[in-house]
Amino acid sequence: MAIEIIKGDLVTMQVDAIVNAANEQLTEGGGVCGAIFQAAGEGLAEECAEQAPCPPGEARITHGFDLPSKFLIHAVGPVWEGGRSHEATVLADAYRYSLLVADANHCKSIAFPAISTGIYGYPSVMASEVALKVCKQFLQRQSESIETIYVVLFSEDDYQIWQESWTHLNR
Ligand code: ADP
């Protein structure tokens, strides 16, 4: 079992499930969500609409359509409001919920983006600490089918930050 932090484009990941940084309405947004909807193609919007809304901290699963992954897991993270609105709890829940859904669907591999750190404004360092802790604990304690968790960072800066947090967490 392993956690792999990589720099790249989430939509090209050859994994069982790709996680979308979704909005509560599960509609096509900007950022990584926009890239996922573009790459998935026709059918995704309809399947998402059937499952909306999804509150922050939860996730919904759809097919991957034209993506290389079998499933898409739409996780809704918190909007950053300065840290006074339980954002860390909601972010941890979004990761955990996604992992549970993937596990329940017998996924062996899953790839996450840095949920909430773009349009939703969550500071990257703090988000990485929350996310990596949840992923590590899940693999150690709970996972039945998931063997590899990828976190895919789009920018070099984010990649460095997540690498550092991972090193720190394992010290
Ligand atoms: P949110 O609304 O949850 O903040 P965003 O999509 O705005 O979601 O941003 C989440 C993170 O995804 C940001 O760090 C952004 O740089 C990153 N991102 C954007 N496009 C991609 C992509 N194609 N692959 C991986 N990460 C991406």
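Calculation notes
- Residues numbered from 1 in each chain as written.
- Predicted model: local features only at pLDDT ≥ 70, side-chain atom pairs only at ≥ 80, totals over all residues.
- Heavy atoms only, no water.
- Phe/Tyr/Trp six-rings, centres within 6.5 Å; stacked < 30°, edge-to-face > 60°.
- Helix = DSSP H or I, 4+ residues; strand = E, 2+ residues; numbered from the N terminus.
- Buried < 20%, exposed > 50% of the residue type's maximum accessible area, 1.4 Å probe, protein only.
- Polar contact = N/O pair within 3.5 Å; in protein donor to acceptor, adjacent residues only side chain to side chain.
- Contact = heavy atoms within 4.5 Å.
- 1 Å grid on protein atoms, 1.4 Å probe; cavity = no way out; pocket = protein on both sides within 12 Å on 5 of 7 lines; lining within 4 Å.
- Points joined across faces, edges and corners; volume = space filled by probe spheres on them.

Under the annotation held in an unreviewed UniProt entry, the protein chain carries the name Macro domain-containing protein and is attributed to Pelagibaculum spongiae.

(A) Examining the packing of aromatic side chains more closely. Using the criterion set out here, one finds two aromatic pairs in the structure. On the numbers, 4.7 Å between centres and 35 degrees between planes, the contact of Y95 with F112 is tilted. Placement of the pair is Y95 in helix α3 (residues 87-104) and F112 in strand β5 (residues 109-112), with a sequence separation of 17 residues. Neither Y95 nor F112 differs from the other in exposure class; each is buried.

(B) Molecular detail of the side chain of S116. With respect to the element layout, S116 can be found in the loop between β5 and α4 (124-141). A distance of 2.8 Å separates a polar side-chain atom of S116 from the backbone oxygen of P78.

(C) Structural detail: the side chain of T62. Summarising the element assignment, T62 is placed in strand β3 (residues 59-63). The class of T62 is buried, set by a relative accessible area of 3%. A polar contact of 2.9 Å, which involves the side chain of T62, links it to the side chain of H74. Excluding residues within four positions of it along the chain, T62 makes contact with L44, E47, C48, Q51, K70, F71, L72 and H74.

(D) Expanded view of the layout of surface pockets. In this structure, the largest pocket occupies an estimated 530 Å³ of space. Looking at the lining of the largest pocket, the elements with two or more residues in it are β2 (17-22), α1 (31-40), β4 (71-76) and β6 (148-153). Of the residues forming the lining of the largest pocket, the biggest block, four residues, is contributed by α1.

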